[in-house]
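Fold and contact review
The primary structure of each chain is shown beneath.
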Amino acid sequence: MQRLNTYHPESGVALIMVLGIVAIIAVWASTAAYEDMISVQRIKNIQDETRATMASESALPLVRIVLKEEYLISNSPPIDALDEEWAQDLPPFPIDDGLIAVQLEDLNRYYNLNDLVNNQGVVQQDKVKEVKRLFSLLDLDETLVDALVDWMDNNDIPYGVGGAEDSSYYAKDYKIKNARLDSWSELKLVQGFDADTLQLLKKVATVRPSSGNTAININTAAPLVLRAIFPDMTSMDEEAFFENRPYDTLTIALNQQPWRQGGNPSRLQVASDAFMLRTHAIFGRANVREEYVLSRNGPTVTLLSRERLGWQF
Ligand SMILES: [Ca+2]
Ligand SMILES: [Ca+2]
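Residues numbered from 1 in each chain as written. Chains lettered and ligands numbered in written order. Predicted model: local features only at pLDDT ≥ 70, side-chain atom pairs only at ≥ 80, totals over all residues.

Notes on the overall build of the chain
Of regular secondary structure, the chain possesses seven helices and nine strands. If one aligns the C-alpha atoms of the chain with their principal axes, the spans along those axes are about 125 × 50 × 35 Å. Here the chain holds 313 residues, and 28% of them are scored as buried. Taking the contacts inside the chain whose residues are at least 6 apart along the sequence as the reference set, 64% of them involve residues at least 24 apart. (Helix = DSSP H or I, 4+ residues; strand = E, 2+ residues; numbered from the N terminus. Buried ≥ 20, exposed ≤ 12 C-beta atoms within 10 Å, placed from the backbone. Contact = placed C-beta atoms within 7 Å.)

Here we look at the nonpolar core
By size, the foremost hydrophobic cluster in this structure holds 60 residues, and its most contacted members are Y111, L148 and V225. Elements with a contribution of two residues or more to this core: helix 1 (9–73), strand 2 (98–106), helix 2 (125–137), helix 3 (144–152), helix 5 (225–229), strand 7 (274–283) and strand 8 (286–297). Here this core gets seven residues from one element, more than from any other, and that element is helix 3. Mapped onto the domain boundaries, this core takes at least three residues apiece from domain 2 (51–110 + 214–313) and domain 3 (113–203). (Core = buried A, V, L, I, M, F, W, Y, C linked by C-beta atoms within 7 Å. Domains from an automatic or database assignment.)

Concerning the packing of helix 2 against helix 3
At a minimum axis distance of 9 Å, the contact between helix 2 and helix 3 shows a crossing angle of 140°. Between helix 2 and helix 3, the crossing angle belongs to the class labelled oblique. When you trace helix 2 past helix 3, the crossing you get is right-handed. Residue-level contacts link V128, V131, K132 and F135 of helix 2 to L144, V145 and V149 of helix 3. For the contact of helix 2 with helix 3, the per-class residue count stands at six nonpolar, no polar and one charged. (Axes fitted to C-alpha atoms, helices over the stretch in contact; angles between N-to-C directions. Parallel < 35°, antiparallel > 145°, perpendicular 65-115°, else oblique. Left-handed = near helix turned anticlockwise from the far one by under 90°. Nonpolar A, V, L, I, M, F, W, Y, C, P; charged D, E, K, R; others polar.)

Some points on the pairing of strand 8
Relative to strand 8, strand 7 is paired through 10 bridges, and the arrangement is antiparallel. Each residue of the ladder has a partner; that of L277, found in strand 8, is Y292. (Pairing = 2+ DSSP bridges.)

Describing the environment of A59
Considering the arrangement of structural elements, one finds A59 in helix 1. In the structure, A59 is positioned 42 residues away from A101 in sequence and 9.2 Å away in space, judged by C-alpha atoms. Leave out the neighbours within four places in its chain, and A59 touches I100, V102, L277 and T279.

Details of the environment of Y110
Relative to the assigned elements, Y110 resides in the loop between strand 2 and strand 3 (111–112). A tally of 25 C-beta atoms within 10 Å means that Y110 is categorised as buried. Separated by 95 residues in sequence, Y110 and A205 place their C-alpha atoms 4.7 Å apart. Setting aside anything within four residues of it in sequence, one finds Y110 in contact with V204, A205, T206, A222 and V225.

Details of the domain arrangement of the chain
In terms of domains, the chain is made up of domain 1 (1–41), domain 2 (51–110 + 214–313) and domain 3 (113–203). Placing the centre of domain 2 and that of domain 3 at their C-alpha centroids yields a distance of 24 Å. The partner domain 3 presents nine residues to the nine residues of domain 2 that form the contact. A total of three residues in the side of domain 2 that touches domain 3 trace back to one element, the largest contributor, which is helix 5. Partitioning the side of domain 2 that touches domain 3 into residue classes produces five nonpolar, two polar and two charged.

Following this line, the structure appears as structure tokens:
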């Protein structure tokens, strides 16, 4: 009679090996499935990011057409004002299964901080006075302007009481620039310019290529900008001036305004020649925000710069 349950050590080893192999296969299978899932998600993310970038880019030709048309139908001489079509807020609109938001504003409403120095990198005292007034109107420390002047001016001599030349940046992993700003985000590198300062400043100032005397459009000028240029202009004067916008000519706008004394109107205009296009495209988990700076010369619109503000998955 054959005995049941006879112990065979070889079959025990075989069983352990089989169990081991099964376990390894199970781990491999779950890892492979996980990696497949990651790969699929990665491809999906890349697709979403590409579609978001393309959606952002598609706003550019559209805005070129709007700006060109606006110029062609405008008065002669042309004016740009806040009641015109290009200046209206648009709600975000869907494209396929994504969403794009577009905002267009002229940059001539803001004070160009690059005007603080001239094309040779020498400080312009009249502009420093204006920018300090702007800081003061915003309740910001006006000695910050000294550090900004030093960031841009071509010498190593600290300017004013808040001056900060290269020696102030020894602890940083970058050196002082001694040249004009290339972008708004560069301001973060300047001593004393924290996030709160930039947030306030963004309401009145911009950073763009400068001739040293960047034009400001009185028809779109942001609150406080004209008051920085005209020290005698009160908040009530500003309110009254804004109520009567748009103005067809500077002569009409400034005629018999008592506050025009003491200010320099040489850079004021009634039209704009630079625009900022902001886009925000959302596709799946891709979130693309970009800023395009455009210049307009007559009906010709040229892209000056493009900056990606960040995206996330
Ligand atoms: Ca200096
Ligand atoms: Ca300097």
